[in-house]
Amino acid sequence: MVGDGDRQELTDDGGADLATKRREYDEDDVRVRPGKSSRPRTRTRPRHADARDGFVFAVDRGRYTCVLTGAGPDDPTVTAMRARELGRKSVVVGDRVALVGDTSGAAGALARIVRIAPRHSVLRRTAEDDASTAEGRLERVVVANADQLVIVSALADPPPRTGFIDRCLVAAYDADIEPLLCLTKADLAGPEAVLDYYTELELPYVLIRPDSPLDALRSLLAGRVSVLVGHSGVGKSTLVNRLVPEADRAVGTVSAIGRGRHTSTSAVALRLPALPGAADDPGWIVDTPGVRSFGLAHVSAESLLHGFPDLVEATADCPANCPHTADEADCTLDAWVAQGRADPRRLASYRRLLASRSGDLEPRGEVEPRGHPE
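No experiment lies behind these values; they were computed from the predicted model shown.

The subject of this paragraph is the pattern of salt bridges. Here the structure, examined in full by the defined rule, presents 11 salt bridges. In this structure, Arg-345 engages Asp-196 in a salt bridge whose closest nitrogen and oxygen atoms are separated by 3.2 Å. Of this pair, Arg-345 sits in helix H9 (residues 344–357) while Asp-196 sits in helix H3 (residues 192–197), placing them 149 residues apart in sequence. You can call Arg-345 buried: its relative accessible area is 10%. A salt bridge links Asp-310 to Arg-346, with the nearest nitrogen and oxygen atoms 3.0 Å apart. With a gap of 36 residues between them, Asp-310 in helix H7 (residues 309–312) and Arg-346 in helix H9 connect regions that are remote in the sequence. Given a relative accessible area of 11%, Asp-310 falls into the buried group. In this structure Arg-346 comes out as buried when scored by relative accessible area, which is 0%. Bridged by salt links that share partners, the residues Asp-166, Asp-310 and Arg-346 form one connected network.

Each α-helix turn comprises 3.6 residues. Residues three or four places apart therefore point the same way. With 6 of 8 residues buried, helix H5 (residues 236–243) lies mostly within the body of the structure. Listed in full, the buried residues belonging to H5 are Lys-236, Ser-237, Leu-239, Val-240, Asn-241 and Leu-243.

Now for the packing of aromatic side chains. Overall, the coordinates contain 5 aromatic pairs when judged by the stated rule. With a centroid separation of 4.8 Å and 50° between ring planes, the pair formed by Phe-55 and Trp-284 is classed as tilted. A residue pair is termed long-range when its members are at least 10 positions apart, and Phe-55 in strand E3 (residues 52–60) and Trp-284 in strand E15 (residues 284–287) qualify at 229 residues. Between Phe-164 and Phe-294 the ring centres are 6.5 Å apart and the planes differ by 70°, which places this aromatic pair in the edge-to-face class. With Phe-164 in helix H2 (residues 162–174) and Phe-294 in the loop between E15 and helix H6 (301–306), this pair connects stretches of sequence that are 130 residues apart. With relative accessibility at 2%, the residue Phe-164 sits in the buried group.

Between Asp-157 and the following residue, Pro-158, the backbone shows a cis peptide bond with an omega angle of 5°. Inspection of the secondary structure puts Pro-158 in the loop between strand E10 (148–154) and H2. Positive phi outside glycine occurs at His-48, with the angle close to 50°. Positionally, His-48 belongs in the loop between strand E2 (18–22) and E3.

With that settled, the discussion passes to the packing of H2 against H9. Across the interface, H2 lies against H9 with an axial gap of 11 Å and an inter-helix angle of 70°. In this view, H2 runs roughly perpendicular relative to H9, as classed from their interaxial angle. Residues Asp-166, Arg-167 and Val-170 of H2 form the contact with H9, whose own contacting residues are Arg-346, Ser-349, Leu-353 and Ser-356. Within the contact of H2 with H9, the residues separate by chemical class into 2 nonpolar, 2 polar and 3 charged.

Quick notes on the rules
- Starting afresh in each chain, residues are numbered from 1 along the sequence in its written order.
- Residues qualify for local features only when their pLDDT is at least 70, as the model is predicted, and side-chain atom pairs are given and counted only at 80 or more; totals for whole chains, interfaces and linings, by contrast, use all residues.
- With hydrogens and water excluded, all non-hydrogen atoms of the structure serve as input to the side-chain values.
- For this analysis, a salt bridge means a side-chain nitrogen from Lys or Arg found within 4 Å of a carboxyl oxygen belonging to Asp or Glu.
- Where helices and strands are cited, they refer to DSSP runs of H or I of at least four residues and of E of at least two residues respectively, numbered from the N terminus.
- For the exposure calls, accessible area comes from a 1.4 Å probe over protein chains only, and a residue counts as buried if that area is under 20% of its type's maximum, exposed if over 50%, partly exposed in between.
- Here a pair means two rings of Phe, Tyr or Trp (six-membered ring of Trp) with centres within 6.5 Å. Their orientation is stacked below 30 degrees between planes, edge-to-face above 60, and tilted elsewhere.
- Lines fitted to C-alpha atoms define the axes, with helix axes restricted to the stretch in contact, and inter-axis angles between N-to-C directions lie between 0 and 180 degrees.
- The labels follow the angle: roughly parallel below 35 degrees, roughly antiparallel above 145, roughly perpendicular from 65 to 115, and oblique for the rest.
- Residues count as neighbours in contact if any of their non-hydrogen atoms are within 4.5 Å of one another.
- Note on residue categories: nonpolar means Ala, Val, Leu, Ile, Met, Phe, Trp, Tyr, Cys or Pro, charged means Asp, Glu, Lys or Arg, and polar means any other residue, Gly included.

Distances and angles like these do not, on their own, reveal function.
Quick look at the structure:
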C-alpha cells in the first residue's frame, strides 16, 4: 500500500515490484481559500463637518420634525430620519441634533440626524412604580433638555391631586429640573389648601383664571424649555392654546366623575410667540398627553426621599439603611412630624410611594389636601 504523496510505477520488466518515489511539491500545489471580504474593517465614521445644528420639536413614526438653530418662527422646518450610525440611540422631543442632507425644509425633503448632543436633563416616567414588573421596567422619556417642569393642576373640577403633584416633584428633582406649580380654574376655588400642603417647600406657583392675563406665567417661561404635565381635564390644553394661539391643541370636556378625557396624544414642543418689545428668546413649551399616573420605578430610593425636602433633615438621625416605613421602630420621621416640623400628609404621601414601589399599593393612590375630599 502506498501512502499519500507517493506514486507507484511498474519496473521495466513489467514485474510486480513497485518502486515508490516521494513527490515534490511547489507553490502551484498551494490552495488559499478566499475570505468573505478583502476590504479592511474600520470603526472610523464620517465627521459630518458640514452638519447643521437643530432642535427636535416633534416625533411621529420614525420621522423627526426639527427647527434649525437660529431659525425664525417663519422659517421652514426640517423633516429628518435617524442615521444608521446612531445605533440604538433614541431621539426624543427636546434633543439637540446635527443634521445632514437636505435641510431646506422643502416639500418632500428629508435630512438625516447623525449626532445627538449630550442631554443636560432627561425627564422620565414609568407606567408603574414597581421595578420588578414589566411596566415598571419600561421607561418612557418624556422630554430631553427641559429646564422647567410646569405641573398643571386644577383647583376644582377635577379637584387637585397632591399625590400626583408629589410624583411630578420627585421626577423633577431626580432629573435636575426646576418645578413650577400652575394652578388653573382659580375662579372656582381658592389655592389655600394646596399652598398650605406645600408651605415648607416654598414651591413657586402661578394662579390661572379663564379671563386673567398670563404675564406672570410668560415671564417664568421666557428663554426656557418648559414641559407641561397634568391630569386630563385640568385645563392644560386650554392653557397651551392661550399661550400659543396657533397651536390649536384639542380641548376636551370633563366627565361627570371629574376625570377628563385625553385631548393630547403626543408630546410636541411649541415655540412661544415673542413678547411685544422684547428681544430675548421667548422660550418653548412642551405639551404632553394627559396622564393618570406618573410612575417612578426609575427613581432610586435615595432620590425618592429628596423629592420630599421637608423630610430629608429628619432622616439624619435614622439608623443606617433605614427603610423609613411605618413599621420601622427606629425611624425618626414619625417623631419629626409629631413635633410639628413637617406636615403628616407629606409623610403619608412619601410612605405611600415607598409602598407602591414594593408593589403593596396601586400607583394611582393619592393624598388629598384638606378641604378637597375625594
